[in-house]
Amino acid sequence: MISCPEVWTQFFEKYYSEELNKLAFRIKEGGDKRAIHVNFTRDLLVFQEGRLGEELIEKPDLVIAHAEQGLARATNIYGVSLEGCKPRFYSLPPTRKILIRDLRSAHISKFVAIEGIVRKVTEVRPKIVVGAFRCLDCGSITKVVQEEAVLRYPHPCECGGKKFVLVPEESVSVDSQRVKIQEYPENLRGGEQPQSIDVVLEKDLAGTINPGDRVVINGIIRARPRGFQQRMLTHMDLYLEGNSIEIVQQEYEEFEITEDDKEKIIALARSEDIYEKIVRTIAPSIYGYEDIKLAIALQLFGGVPKKLPDGTEIRGDIHILLVGDPGVAKSQLLKFVHRIAPRSIYTTGKGTTTAGLTATAVRDEVDGRWTLEAGALVLADKGIALVDEIDKMRKEDRAALHEALEQQTISVAKAGINAILKARCALLAAANPKYGRFDRYSPIAEQIELSPTLLSRFDLIFVLTDDPEIERDRKLAEHILNIHQLGETLEKMRSISEETKQRISNVTPEIDPELFRKYIAYAKNFFPVLSEEAKRRIEDYYVSLRSKAKENSPVPITARQLESIIRLAEASARVRLSEVVTVEDVDRVTKILERSLAQIAVDPETGELDIDFAFSGTSKRQRDRIWTMKKIVEELEDLSENGAPEEEVIKRAESEGIDEEKAKEILLKLKINGEIFSPRFGFYRIVRKR
Ligand code: ADP
Ligand code: MG
């Protein structure tokens, strides 16, 4: 073994003299970041044929102690003592990067690098490393080094006393934090549960990372027996004692796209029918829904995020909501996208974890510390979140979701925790109607448990209904039956007939999923800009829809839809790997948008487009009627000393074209909303606000 304090002093003085001086200067100025960062691969593996590096990996406790002592003695131009400074080692060779699921007992007490996404962090709190205790009999102080989670008291005092109290002022403590790192979602194969490991971070490492961050943590694997105090078990839990942290830049670079792939992608992007091809790649086992599949494909490619000169950020991510009857393949669609999307998180509104969709701050049962845990939208940062049964989400998520969808951040301020987490992801969600089946004659806002403001955050909302229709039903049945037959055939692959081959081609993705993922990743490097013609086309479309709304008619489209069109059109251009958004892109997406609006925003009474109907559940006509009814009550209020008699009100309403049933319904609504009241049964008065 060559490691000893002297060798380390040599190492630091040879390779890190500048850093030593900087560190000494910081200490002189009273700074508290007492650490020096050593590049393992660049420097340690070069020094003395890398032996020091190898010894560090095999016997980290001893070697790091040497390094600390060596560092303490290293000279610097300020002549400051570097006692107590921490050497931190980063950039380990790839062979030392261990997957969480591959951790074994052989790794215990070894130096490793673990990469993953931060799922949980506790608040940063001081932890006692040397406890000072006062004997209650003689008053003398005894110090005890603390190495475990539970505070260790001294043995009986010299005077024989057995009772002690802790003296915090004389104890030594360091900042400490516990975090949980989880495997990357994209490295899991369909349906696998991600594994995780606890990490202990101390001193300058504490409080530097947030849930959702992608990190490499280098450190020593420790084992701790399961159980507590008197009931320790022989089974052990592994955790990582962090020595250094590297933040991973999280782009789509984890894909290795070869020249060969690139050629294939470019050829695809140039093909005439590329949009049909991608539609046939999304969930081929699900029959129909071509519009929805195209919308989902565009969502995967994504629009271009923008930052305006005034600092405002506009998201490029496209949010889609699928609403509809049970058994129309909503869940299947989501699961499919989960399998094919490059970076995705699948969850249900109820949530399989405590963290739900956004984030939660909870108090740890064991040590009482506050913990901040990332929910699905944070873990899906820079990817896509698939949330089934979103209507069943928790109250806390409901409140946080508005911010998450528009600003793409989640703010948490609770107890010792204050953080803004990033949630830059697209959301594909599904919701079931409140009353079992979807009723196309009632506004969607009344049928699902999502608020109108939340609904308006979705770029596209599709309604999937299960209406019997003989022709479609026959085709659907045939399709599903074929799939089942096929599943069987795959077992006995030998005897595939020509006919079966034909059927297989209908349910296998047109583009190989592996290549499709690379295609998406590659396309994300393009940032298409609207051409002049495209701009005019969007403008014309917007104005024409708005102008159809005459002075008194419902407003069918708002500026929100305008932004949606831009995003979708950009995504459409990306499919072709184009730098410009063309008129064709605009036409393609306005068609989708119109179909989505036609399903949700047509006032069934008039057949006209009405965005208010979709999101608030009150159409322009309804609003007019409510206004009329209020007016009538106001006018008839003085007819009697108890206010407007119901009979008269209804008679007048009928003369205005509102039938009795509707009139009574509106009166009740007005009463519930506190706009009118009944001084006596059958009489109404306006509530006047002072
Ligand atoms: P939902 O989530 O809408 O309640 P599911 O996704 O659970 O519905 O679908 C129920 C079943 O019906 C699934 O097995 C699905 O494959 C099948 N199914 C429904 N509609 C279709 C369709 N259009 N094409 C293929 N299978 C379908
Ligand atoms: Mg479902």
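The following refers to the structure shown. (Residues numbered from 1 in each chain as written. Chains lettered and ligands numbered in written order. Predicted model: local features only at pLDDT ≥ 70, side-chain atom pairs only at ≥ 80, totals over all residues. Heavy atoms only, no water.)

**Observations concerning the environment of E373**
Argument step 1. Take E373: it is sitting in strand β16 (residues 370-374).
Argument step 2. Between the C-alpha atoms of E373 and V362, which are 11 residues apart in sequence, the distance is 8.1 Å.
Argument step 3. There is a polar contact of 3.1 Å between the side chain of E373 and the side chain of R119. (Helix = DSSP H or I, 4+ residues; strand = E, 2+ residues; numbered from the N terminus. Polar contact = N/O pair within 3.5 Å; in protein donor to acceptor, adjacent residues only side chain to side chain.)

**Here we look at helix α1 (residues 5-15)**
Argument step 1. The set of residues buried in α1 consists of P5, V7, W8, T9, F11 and F12.
Argument step 2. Those residues of α1 that are buried lie in contact with α2 (17-28), β1 (35-39), α3 (40-44), α4 (51-58), α5 (60-73) and β2 (86-90). (Buried < 20%, exposed > 50% of the residue type's maximum accessible area, 1.4 Å probe, protein only. Contact = heavy atoms within 4.5 Å.)

**Notes on the side chain of D261**
Argument step 1. If you trace the backbone, D261 turns up in helix α6 (residues 259-270).
Argument step 2. In this structure D261 comes out as buried when scored by relative accessible area, which is 8%.
Argument step 3. Among the polar contacts listed, one links the side chain of D261 to the side chain of K518, at a separation of 3.0 Å.
Argument step 4. Residue contacts for D261: discarding those within four places in its chain leaves E256, L515 and K518.

**As for the sheet that holds strand β26 (residues 644-645)**
Argument step 1. Strand order in the open sheet made by the three strands is β26-β28-β27, with antiparallel pairing throughout. The open sheet terminates on both sides in strands that have one partner only, identified here as β26 and β27 (676-677).
Argument step 2. Bridging between β27 and strand β28 (residues 683-686) involves two bridges; their strand directions are antiparallel. Its bridge partner being in β28, F677 is matched across the sheet by R685. (Pairing = 2+ DSSP bridges.)

**Here's the deal with the sheet that holds strand β14 (residues 344-348)**
Within a beta sheet, neighbouring strands are joined by backbone hydrogen bonds and run either parallel or antiparallel to one another.
Argument step 1. The strand order across the open sheet built from five strands is β14-β17-β20-β13-β21, with neighbouring strands paired in parallel fashion. If you trace the sheet from one side to the other, it starts and ends with β14 and β21 (460-464), each paired once. Within this sheet the neighbouring strands show an average axis-to-axis angle of 15 degrees, counted without direction.
Argument step 2. Here helix α9 (residues 330-340) sits on the sheet and contacts β13 (320-324), β14, β17 (384-388), β20 (426-431) and β21; the angle it forms with β17, its principal contact strand, is near 155 degrees. (Axes fitted to C-alpha atoms, helices over the stretch in contact; angles between N-to-C directions.)

**Some remarks on the pattern of salt bridges**
Argument step 1. According to the stated counting rule, one finds 44 salt bridges in the structure shown.
Argument step 2. With a shortest N-O distance of 3.8 Å, R280 and D273 are connected by a salt bridge.
Argument step 3. Accessibility expressed as a relative area gives 39% for R280, which makes it partly exposed.
Argument step 4. Put simply, R315, E406, R457, D459, R560, E563 and R567 are held in one network by salt bridges that share partners. (Salt bridge = Lys/Arg side-chain N within 4 Å of Asp/Glu carboxyl O.)

**Quick notes on the site of ligand 1**
Argument step 1. Neighbouring ligand 1 are 14 residues; Y287, G327, K330, S331 and Q332 lie closest to it.
Argument step 2. A329 is positioned such that a nitrogen or oxygen atom in its backbone is 3.1 Å from an oxygen atom of ligand 1.
Argument step 3. Notes on ligand 1: free accessible area 560 Å², of which the protein chains cover 73%.
Argument step 4. Top element by residues in the shell around ligand 1 is α9. It accounts for three residues.
Argument step 5. For the shell around ligand 1, the class distribution of residues is eight nonpolar, four polar and two charged. (Near = heavy atom within 4 Å. Areas by Shrake-Rupley, 256 points an atom, 1.4 Å probe, with all protein chains shown as cover. Nonpolar A, V, L, I, M, F, W, Y, C, P; charged D, E, K, R; others polar.)

**Focus: unusual backbone geometry**
Argument step 1. A positive phi angle is found at S91, which is not glycine, with a value near 60 degrees.
Argument step 2. Mapped onto the fold, S91 is located in the loop between β2 and β3 (111-122).
Argument step 3. Classification of S91 by relative accessible area gives partly exposed; the value is 24%.
Argument step 4. In this structure, K203 takes a positive phi of about 55 degrees despite not being glycine.
Argument step 5. By secondary structure assignment, the location of K203 is in the loop between β8 (196-202) and β9 (214-228).
Argument step 6. With relative accessibility at 34%, the residue K203 sits in the partly exposed group.

**Comments concerning the pairing of β1**
Argument step 1. The element β1 is largely enclosed, with a buried count of four among its five residues.
Argument step 2. Pairing geometry for β1 and β2, over five bridges, is parallel. Bridging across to β2, A35 finds its partner in K86.

**Some points on the packing of α1 against α2**
Argument step 1. Relative orientation of the contacting elements α1 and α2 amounts to 95 degrees, with a least axis distance of 5 Å. One way to sum up the angle between α1 and α2 is to call them roughly perpendicular. Contacts between α1 and α2 involve F12, E13 and Y15 on the former and, on the latter, S17, E19 and L20.
Argument step 2. A per-class count over the contact of α1 with α2 returns three nonpolar, one polar and two charged. (Parallel < 35°, antiparallel > 145°, perpendicular 65-115°, else oblique.)

**Comments concerning the packing of aromatic side chains**
The way to describe two aromatic rings as a pair is by their centre distance and the angle between their planes.
Argument step 1. If you walk through the whole model with that rule in mind, you get 16 aromatic pairs.
Argument step 2. Here W8 and F12 contribute two aromatic rings whose centre-to-centre distance is 5.8 Å and whose plane-to-plane angle is 35 degrees, an arrangement assigned as tilted. In this pair, W8 and F12 both sit in helix α1, four residues apart, roughly one turn of the helix. F12 carries the same exposure label as W8, and that label is buried.
Argument step 3. Judged by centre distance (5.7 Å) and plane angle (40 degrees), the ring pair of F11 and Y16 falls under tilted. (Phe/Tyr/Trp six-rings, centres within 6.5 Å; stacked < 30°, edge-to-face > 60°.)

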